[in-house]
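The residues making up each chain are set out below.
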Amino acid sequence: DECLSEGACGAHATCANAAGTYVCTCDEGWEGDGATCVDVNECAEGNGGCDPHASCTNVDGGRTCACDAGWAGDGRSCFD
C-alpha cells in the first residue's frame, strides 16, 4: 500500500491505493495535482454562494458567509 508511505501525497490531498501504484487527489476546497494542493478562493465568483446581503470570507479549504449589518440569517440566506 503506497499510501502508507510518508509523503505519498501532499497536504490537503487524499491517497487512493491501486495495484502497484497510487493516485493523489486534492481535497474539496483545494486544487492542484495531488502532490501540491492550493486553497481555492470560493469567494472569487458569485460571492461564494453567500447571500447578496452577506460578506464572504475565504478560509483554508472553504469559506464563511456572514450577513451584513442590519440583516439576519446564516449568511447563505439573509433577511431584513
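Here the structure is shown first, and the text comes after it.
Keep in mind it's a predicted model, so treat the numbers as computed, not measured.

**Student:** Summarise the state of the cysteines; cite the residues concerned and give the values.
**Tutor:** Here is the idea: a disulfide is a covalent bond, and it sits between the sulfur atoms of two cysteines. This model, assessed by the stated rule, comprises 6 disulfides. A sulfur-sulfur separation of 2.2 Å characterises the disulfide bridge that pairs cysteine 26 with cysteine 37. Note on the cysteine 26 and cysteine 37 pair: the S-S dihedral is about -90°, so by sign convention the disulfide is left-handed. On the criterion of sequence distance, the pair formed by cysteine 26 in strand β2 (residues 21–26) and cysteine 37 in strand β4 (residues 37–39) is long-range, its members being 11 residues apart. There is a disulfide in this structure between cysteine 50 and cysteine 65, and the S-S distance comes to 1.9 Å. As the torsion about the S-S bond is roughly -75°, the cysteine 50-cysteine 65 disulfide counts as left-handed. One end of the pair, cysteine 50, is in the loop between β4 and β5 (54–59); the other, cysteine 65, is in strand β6 (residues 62–67), with 15 residues separating them in the sequence.

**Student:** I'd love a proper account of the environment of asparagine 17, names of residues and values included.
**Tutor:** With respect to the helices, strands and loops of the structure, asparagine 17 is situated in strand β1 (residues 13–18). What makes asparagine 17 partly exposed here is its relative accessible area of 43%. If we ignore the near neighbours within four places in the chain, the residues touching asparagine 17 are Asp1, Glu2, Cys3 and Tyr22. A polar contact is formed between the side chain of asparagine 17 and the backbone nitrogen of glutamate 2, at a distance of 3.3 Å.

Basis of the calculations
- Residues numbered from 1 in each chain as written.
- Predicted model: local features only at pLDDT ≥ 70, side-chain atom pairs only at ≥ 80, totals over all residues.
- Heavy atoms only, no water.
- Disulfide = S-S within 2.5 Å.
- Helix = DSSP H or I, 4+ residues; strand = E, 2+ residues; numbered from the N terminus.
- Buried < 20%, exposed > 50% of the residue type's maximum accessible area, 1.4 Å probe, protein only.
- Contact = heavy atoms within 4.5 Å.
- Polar contact = N/O pair within 3.5 Å; in protein donor to acceptor, adjacent residues only side chain to side chain.

What is shown is where atoms sit, not what they do.
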